[in-house]
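Chains, contacts and geometry: an overview
Here is how the chains run, residue by residue.
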Amino acid sequence: TVRVRVVGEVTRPGEVQVSPNSSLSSAVAIAGGPTEDAKLSEVAFIRMNDTGVVEQEVVDLSNLVDNYQVQEGDVVVVAKTGTGSVLDFAARILSPLNFLFRVFQ
């Protein structure tokens, strides 16, 4: 299994263990699924690449279907409706959790 952190508007936020070929939507489902306030049209997908640079992408999981495969250390941030930019929301959530990127290295 691989460890993925799913935070924000999911029923059980935190680290989840998923099979290596799992999708982002599978990780959200394993974290208990989205809450009623989840903004699934703008989910932040954050990964540290091989050179140590943090890459962020906004993904639409409205249909809970995607073609992204999670990797060890990925972070999925499900924003709350009405919070503005999902990347700003992700930065607010992850700022106290910056150590995560060091833990997964």
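In this report, the structure presented in the accompanying data block is examined. Everything quoted here is computed from the prediction, not taken from an experiment. (Residues numbered from 1 in each chain as written. Predicted model: local features only at pLDDT ≥ 70, side-chain atom pairs only at ≥ 80, totals over all residues. Heavy atoms only, no water.)

1. Examining the environment of Ala31
- Its place among the elements puts Ala31 in the loop between α1 (24-30) and β3 (38-48).
- Measuring from C-alpha to C-alpha, the distance between Ala31 and Glu9 comes to 9.9 Å, with 22 residues separating the pair along the chain.
- Not counting the four nearest positions on each side in its chain, Ala31 is found in contact with Val6, Val10, Thr11, Arg12 and Val16. (Helix = DSSP H or I, 4+ residues; strand = E, 2+ residues; numbered from the N terminus. Contact = heavy atoms within 4.5 Å.)

2. Focus: the environment of Met48
- Mapped onto the elements, Met48 comes out in strand β3.
- Considering only alpha carbons, one finds Met48 and Val75, 27 residues apart in sequence, at a separation of 9.3 Å.

3. Some remarks on the nonpolar core
- Among the nonpolar cores identified, the biggest contains 19 residues, and Val4, Val6, Val18, Leu24, Val28, Val76 and Val78 are the most heavily contacted of them.
- Looking at this core, the elements that each hand over two or more residues are β1 (2-8), β2 (14-18), α1, β3 and β5 (75-80).
- Of all the elements, β3 adds the most residues to this core, at four residues.
- Ignoring sequence-local partners within four residues, the contact set of Leu24 consists of Phe45, Val59, Leu61, Asp66, Tyr68, Val70 and Val76.
- Core analysis: the second largest hydrophobic core is formed by five residues, Val7, Ala44, Ile46 and Val77 among them. (Core = buried A, V, L, I, M, F, W, Y, C linked by side-chain atoms within 4.5 Å. Buried < 20%, exposed > 50% of the residue type's maximum accessible area, 1.4 Å probe, protein only.)

4. A few points about the sheet that holds β2
- Sheet architecture is open: five strands sit in the order β2-β1-β5-β3-β4, paired in mixed fashion. Single-partner strands in this sheet number two, and they are β2 and β4 (54-59). Averaged over all pairs of adjacent strands, the angle between their axes in this sheet comes to 25°, without regard to strand direction.
- With five bridges connecting them, β1 and β2 associate as antiparallel partners. What sits directly across from Val6, in β2, is Gly14. (Pairing = 2+ DSSP bridges. Axes fitted to C-alpha atoms, helices over the stretch in contact; angles between N-to-C directions.)

5. Remarks on the pattern of salt bridges
- For the coordinates displayed, the defined rule picks out three salt bridges.
- With a shortest N-O distance of 2.6 Å, Glu72 and Arg3 are connected by a salt bridge. On the criterion of sequence distance, the pair formed by Glu72 in the loop between β4 and β5 and Arg3 in strand β1 is long-range, its members being 69 residues apart.
- Since its relative accessible area comes to 28%, Arg3 is described here as partly exposed. (Salt bridge = Lys/Arg side-chain N within 4 Å of Asp/Glu carboxyl O.)

6. Details of the packing of aromatic side chains
- Within this structure, the stated rule accounts for one aromatic pair.
- Ring centres of Phe45 and Tyr68 lie 5.5 Å apart, and the angle between their planes is 70°; on these two criteria the pair is classed as edge-to-face. Of the two residues, Phe45 is situated in strand β3 and Tyr68 in the loop between β4 and β5; the sequence distance between them amounts to 23 residues.
- Judged by relative accessible area, Phe45 falls into the buried class, the value being 7%. (Phe/Tyr/Trp six-rings, centres within 6.5 Å; stacked < 30°, edge-to-face > 60°.)

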